[in-house]
Amino acid sequence: MTDSAPYRRRTAGALALMCLLALAGCQSMGGGGAGPGVGASSSGATSLAAIRSEHGLGPLQPDARLERAAAQQAGYMASAASMTHRTGWGKDFRTRMRENGIEGAAAENVAFGRMSTEKLFSMWMNSAGHRRNMLDPRFSHYGLASAQDAQGRKYWALVLGR
């Protein structure tokens, strides 16, 4: 008879990851630094442009302010090993947007897991709140970033704005 503990741990870990992705929040708003292991990414632009085009919307343009806000969030989540829209630096989404010079409507999608950007955007499109953010016609710009924690787990943040 073999020990099934490693199998149970892997299964529990996979189930936990799926639950975290299912619970990945999206924060929106109307009207410190990111840290090591953080990368901003324009590689999602192709996926995001295709998604918006399929729904009759124009592509989004990369924006340094939105990218900085996304990198801050991804970096914080990786450093805390927790997926959230708030940071331990005492900043909520609205404060982080304001401090990065982002005015008006903005939204944020976050996720956790090692995946391609194509898979990431596919998962977000299968979640009503995340989908609503990506297809919001008010948004014309975006910032996408990811960061890895000490164990190599990846955290994603997409910030959308005008």
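Residues numbered from 1 in each chain as written. Predicted model: local features only at pLDDT ≥ 70, side-chain atom pairs only at ≥ 80, totals over all residues. Heavy atoms only, no water.

The chain appears in an unreviewed UniProt entry as CAP domain-containing protein from Mesorhizobium marinum.

## A closer look at the confidence of the model for the chain
Using the following cut-off: pLDDT is a per-residue confidence score from the predictor, ranging from 0 to 100. The helix count covers DSSP runs of H or I at least four residues long, the strand count covers runs of E at least two residues long, and both are numbered beginning at the N terminus. Note on definitions: a residue-residue contact is assigned when non-hydrogen atoms from the two residues lie within 4.5 Å.
Here the chain shows a mean pLDDT of 79. Residues at 70 or above account for 69%. Looking over the chain, one finds the lowest element-wise mean pLDDT in helix α1 (residues 5–22), namely 39, and the highest in helix α6 (residues 128–134), namely 97. Below a pLDDT of 50 lies the segment residues 5–26, which in the model reaches 24 contacts outside its immediate sequence neighbourhood of four places, other chains included. Here residues 28–37 scores under 50 on pLDDT; set against residues more than four positions off or in separate chains, the count is 28 contacts.

## Some details on the nonpolar core
We apply this condition: Residues belong to one nonpolar core when they are buried, are Ala, Val, Leu, Ile, Met, Phe, Trp, Tyr or Cys, and are joined through side-chain atoms within 4.5 Å. A simple rule labels every residue: compare its accessible area, found with a 1.4 Å probe on the protein chains alone, to the largest value its type can have, and call it buried under 20%, exposed over 50%, or partly exposed in between.
Within the largest apolar cluster, 20 residues are counted, with the highest numbers of intra-cluster contacts made by L48, F121, M134, L158 and L160. Secondary-structure elements contributing two or more residues to this core are α2 (45–54), β4 (106–112), α5 (117–125), β5 (141–148) and β6 (154–161). Looking at this core, the element that brings in the most residues is α5, giving four residues. Filtering out sequence-adjacent residues up to four positions away, L160 remains in contact with L48, L60, L66, A105, A106, A107, N133, M134, F139, H141 and Y142. Residues L66, A78, M97 and Y155 belong to the second largest nonpolar core, which totals 18 residues.

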